[in-house]
Amino acid sequence: MSSARLLRVPLLFLVCAATAGVLAGPAAPARAEDQVPLADVLRALHVDDLPMHYVILIDRSGSMRQGDRYTRAMTSTRAFVTALGARDRLTLASFNAGVSSFWDGPVTGGVGAAVDTMTAQPVEGSTDLGVAIRYGLDKLDPSDTSPAVIVVLTDAQEQPPGGSRYAGTGGQAAWDALRQQAAAVAASRPLRVYPVPMVTAHDADAVLRVFDAAVVEQLGQPATQFQQTLESMRVRARADKAREYLREEHTTVEAVLTDPGTLPLRGGTVRVTLTSKAKYVPLTVSGLDLDVGGLPVTTTAAEPFTLAPGEHRTVGLRVAGHGDTTTVGDAPRRSGAVRVKGTVGSSWAQALTRDIGLRPRFELAGRPGRVGVVTGTGLPVPLVVGVPGALVLLGFGVFAAVRLRRPRMSGELIVTDPAVAETLRIRLQGRHQRLRGGSVSGHRQRTVGGRSPEPAVRVRYRGRTGTLQLRQTRTIGPATVTYQTGR
């Protein structure tokens, strides 16, 4: 890009994200209600900071006296040149058999006076269009690559004088050289040529003899209406400047997934860093989401957002699993390709394509990757084998503790209950024995001085409990209970 252009110019359910990646997404359609007008685009680009060279060549041959053509041309020219930007350069000249220069340099407040002087000059002589065009091309410095506009106002009644190199059949070589010079200028810088007809729509067709049709914009109307198209012509020139700013523009958003480590299947966040590669154009990203290729996870798309030129932004995307497999052993896993998807567009899209003449490609770009997903609640084999063993040991321990706590019984238990007509005499045997109204079991008391005391029993009768040693009597509930040796 020339020096002039450089002025502005992401408990048991797991999502395992391996090397994450990104693929390109489609371009977002440009919605009319979101688009900004060309004037706002030009203002945001500061196109007036990029100089443009205007070359205005006005026919002042004798035929331009008819219908006051020259005066009308100068009136339109004055309005045109005084509206140019302060950084623009102007070459202003009239021509007949020769060329008269009235301004060649940066645009200042003095251009109006120069036009007035030019208006007052005599209108006479023959028309040598070749000389005028060569003069204009010579003023375009090949080392300056800023955009240029050449405006030629003529009635095309071309009559080069006898001594002109462009006269007669012998002038063909000169016209060929002029075409080569015009092609070289068009190749070195952005160039647009406006032939302005003074009488009929075809008066300026002769300019096509020199310039390639690709750089010529024919207004298709005589100069009597040139004043009406002045502003649109200036806007087109400013759009040419904008095209120079944007010729090497990259309307791409680069997306990079940050490795989220291990995410719970019930939900987690994957972070995506997006970078606008544009230097001037704002880029809008919508529908940003993850395409996980059928893996058992769901994602939530991000809300639309706009990136300023060159902006970096990190966006969190919600990821939740829905695997439901239950297994023994290692948990099952699946893996597949993953990409960031979404659409990229711009509020400038319409102006870029319709008004500036560019065909930008909006895209989301990055590198592909893979993702791993745990699809169930599988348990490790050691845990599966160990739990039953632990339960067996626990049961054995409980059984042993109960058995050791209840020794075998001997002797006789006598129960006297006022509510019962007869006294109960129960011969004790075994470790546990049911009674009418309760139960009795052997009871091992704590040792005293390292020796075991006499045998004891624990009696439960009608909801009350008591412990009796041999030859002991106690009241338990409504009954009197005696523990004695057997008969």
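Structure first, text after, so check above.
Described in the following lines is the structure provided in the data block. (Residues numbered from 1 in each chain as written. Predicted model: local features only at pLDDT ≥ 70, side-chain atom pairs only at ≥ 80, totals over all residues. Heavy atoms only, no water.)

Considering the nonpolar core
Buried together is how nonpolar side chains tend to be arranged in soluble globular proteins.
Argument step 1. Core analysis: the biggest nonpolar cluster contains 43 residues, and Leu45, Leu246, Leu274, Leu288 and Ile356 have the highest contact counts within it.
Argument step 2. Ignoring sequence-local partners within four residues, the contact set of Ile356 consists of Leu38, Val41, Ala239, Ala242, Arg243, Leu246 and Ala351. (Core = buried A, V, L, I, M, F, W, Y, C linked by side-chain atoms within 4.5 Å. Buried < 20%, exposed > 50% of the residue type's maximum accessible area, 1.4 Å probe, protein only. Contact = heavy atoms within 4.5 Å.)

Some thoughts on the packing of helix H2 (residues 69-81) against helix H3 (residues 111-119)
Argument step 1. One way to put it is that H2 packs onto H3 with a least axis distance of 10 Å and a crossing angle of 175°. With respect to their mutual orientation, H2 and H3 come out roughly antiparallel. Residues Tyr70, Met74, Arg78 and Val81 of H2 lie in contact with H3, whose contacting residues are Val111, Gly112, Ala113, Val115, Asp116, Met118 and Thr119.
Argument step 2. Looking at the contact of H2 with H3 residue by residue, the class counts come to seven nonpolar, two polar and two charged. (Axes fitted to C-alpha atoms, helices over the stretch in contact; angles between N-to-C directions. Helix = DSSP H or I, 4+ residues; strand = E, 2+ residues; numbered from the N terminus. Parallel < 35°, antiparallel > 145°, perpendicular 65-115°, else oblique. Nonpolar A, V, L, I, M, F, W, Y, C, P; charged D, E, K, R; others polar.)

Topic: helix H4 (residues 129-138)
Argument step 1. With seven of its ten residues buried, H4 lies for the most part within the structure.
Argument step 2. For H4, the full list of buried residues reads Leu129, Gly130, Ala132, Ile133, Tyr135, Gly136 and Leu137.
Argument step 3. Looking at the packing, one finds that the buried side of H4 touches strand S2 (53-59), strand S3 (89-95), strand S4 (99-106), strand S5 (148-154) and helix H5 (172-188).

Brief notes about unusual backbone geometry
Argument step 1. For His46, which is not a glycine, the phi torsion comes out positive at approximately 55°.
Argument step 2. Assignment of secondary structure puts His46 in the loop between helix H1 (38-45) and S2.
Argument step 3. Relative accessible area serves as the criterion here: at 36%, His46 is assigned to the partly exposed category.
Argument step 4. Positive phi values are uncommon outside glycine, yet Arg471 reaches one of about 65°.
Argument step 5. You can see Arg471 is positioned in the loop between strand S22 (464-469) and strand S23 (472-476).

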